[in-house]
Amino acid sequence: MSSKCEQCIVRQFSSLKALNKEELLKMAECKTSYTIKKGEPIFEEGESTNGIFCIKDGVCKLTKLSANGKDQIVKLVKPGELLGQRSLISEEPTNLSAVALEDMEVCFIPKKEIMEFFNENNQFSMNVMKTICGDLKDADDHMVSLAQKSVKERLAETLLHLEDTFGKNEDGTLHIQLSREELAGMIGTATESCIRLLSEFNKTGLIELVGKKIAIVDRNKLKRMSE
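Residues numbered from 1 in each chain as written. Predicted model: local features only at pLDDT ≥ 70, side-chain atom pairs only at ≥ 80, totals over all residues. Heavy atoms only, no water.

An unreviewed UniProt entry lists the protein chain under the name Crp/Fnr family transcriptional regulator, with Flavobacterium cheonanense as the source organism.

Structure follows, in structure tokens:
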């Protein structure tokens, strides 16, 4: 894997775009790159990461262990995003676990270097703050959606989000395949209800179920339903 951070396309999408050439060279010298296999954690809830992770390739889920012992998906993270910015600044253990949904390429940048950038590069620290604010806004929106939308509306919204954000396979099915349990956790319902609704969406021609995979058939109807 290329060790040149300045040539890495991923940094264009994250707070790292504010770093200058000198800082990028410094980052390339101190970072560690590794592969994470599907199903493996990048970090677990309650861990001290002592740095941030830059997602170079692949998608992971951020989950929170709920009181009933189930993993609730809080967010899905795509290439170009950074993980661990919030706990780095608050100096607290991670609030969530990050688990690979497919094979991933990830780079780890130690806390010491990140804090130097944070203290010396005003634009970088602003970018980090904006990212954290964006996450808070998303969390607010999600909370309102859970409170005000029906489970059916939330499922429609989530399926559209999965296609818009992560794309489709050649056969038209959603690229990111969540288990029925994971999908139920995202929309805040029981797995049985989620299975029942998917079957209903399938019967009415909104989606097509291809084995365990899902393909969106009628985007417009789903969109109207999600609003």
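Next comes the rest of the account.
Colleague: What's the story with the UniProt feature "domain: Cyclic nucleotide-binding" (unreviewed entry) in the protein chain in this structure? I'm lost.
Modeller: Taking the numbering used here, the UniProt-annotated feature "domain: Cyclic nucleotide-binding" (unreviewed entry) corresponds to residues 15–118. Secondary structure content for residues 15–118 is 23% helix and 39% strand, while the C-alpha to C-alpha distance between its ends is 10 Å. (UniProt positions renumbered as here; feature names shortened; annotations may be inferred. Helix = DSSP H or I, 4+ residues; strand = E, 2+ residues; numbered from the N terminus.)

Colleague: Explain the packing of helix H3 (residues 111–120) against helix H4 (residues 122–148) here, please?
Modeller: Each pair of packed helices gets described by two things: the angle between the helix axes and the distance between those axes. Across the interface, H3 lies against H4 with an axial gap of 5 Å and an inter-helix angle of 105 degrees. Here H3 is positioned roughly perpendicular relative to H4, judged by the angle of their axes. On the side of H3, the interface is formed by Ile114, Phe117, Phe118 and Glu120, while H4 contributes Asn122, Phe124, Ser125, Val128 and Met129. Here the residues of the contact of H3 with H4 sort into six nonpolar, two polar and one charged. (Axes fitted to C-alpha atoms, helices over the stretch in contact; angles between N-to-C directions. Parallel < 35°, antiparallel > 145°, perpendicular 65-115°, else oblique. Contact = heavy atoms within 4.5 Å. Nonpolar A, V, L, I, M, F, W, Y, C, P; charged D, E, K, R; others polar.)

Colleague: Just checking my understanding: could you explain the environment of Val59 for this structure?
Modeller: Relative to the elements of secondary structure, Val59 occurs in the loop between strand E3 (51–57) and strand E4 (60–65). Val59 sits 17 residues away from Leu76 along the chain, and the two C-alpha atoms are 7.0 Å apart. Beyond its immediate sequence surroundings of up to four residues, Val59 is in contact with Val77, Lys78, Pro79, Ala100, Leu101, Glu102, Met104, Phe166 and Ile176.

Colleague: Would you mind going over the sheet that holds strand E7 (residues 97–100) with me for this structure?
Modeller: In any sheet, the strands associate via hydrogen bonds between backbone groups, in a parallel or an antiparallel arrangement. Within the open sheet, the four strands sit side by side as E2-E7-E4-E5. Their pairing is antiparallel. Either end of the sheet is taken by a strand with one partner, and the two such strands are strand E2 (41–43) and strand E5 (71–77). Each adjacent strand pair in this sheet contributes to an overall mean axis angle of 35 degrees, direction not counted. Across four bridges, E4 lies against E7 in antiparallel orientation. For Cys60, the partnering residue across the bridge sits in E7 and is Ala100. (Pairing = 2+ DSSP bridges.)

Colleague: What is the right way to look at unusual backbone geometry in this model?
Modeller: Not every positive phi belongs to a glycine, and Asn50 is a case in point at roughly 55 degrees. One non-glycine residue, Glu91, lies in positive phi territory at about 55 degrees. Topologically, Glu91 is positioned in the loop between helix H2 (85–90) and E7. With a relative accessible area of 62%, Glu91 lands in the exposed category. (Buried < 20%, exposed > 50% of the residue type's maximum accessible area, 1.4 Å probe, protein only.)

Colleague: Can you help me understand the pairing of E5 in this one?
Modeller: The two faces of a sheet get side chains in turn, since along a regular strand they alternate between them. Judged from the six bridges that link them, E4 and E5 form a sheet pairing that is antiparallel. Opposite Cys60, over in E5, you have Val77 as the bridge partner. Count of turn residues in the E4/E5 antiparallel hairpin: five residues, of which Gly69 carries a positive phi of about 85 degrees.

Colleague: Looking at this model, I keep getting lost on the UniProt feature "domain: HTH crp-type" (unreviewed entry) in the protein chain. Mind explaining?
Modeller: Under the UniProt annotation, "domain: HTH crp-type" (unreviewed entry) lies at residues 149–220. Secondary structure across residues 149–220 comprises 54% helix and 11% strand; the distance between its end C-alpha atoms is 18 Å.

Colleague: Explain the sheet that holds strand E8 (residues 104–110) here, please?
Modeller: Taken in spatial order, the four strands make up an open sheet running E1-E8-E3-E6, and their pairing is antiparallel. Each edge of the open sheet is held by one strand with a lone partner, namely strand E1 (32–36) and strand E6 (82–83). The sheet contact formed by E3 and E8 spans six bridges and is antiparallel. Bridge pairing in E8 places Gly51 opposite Pro110.

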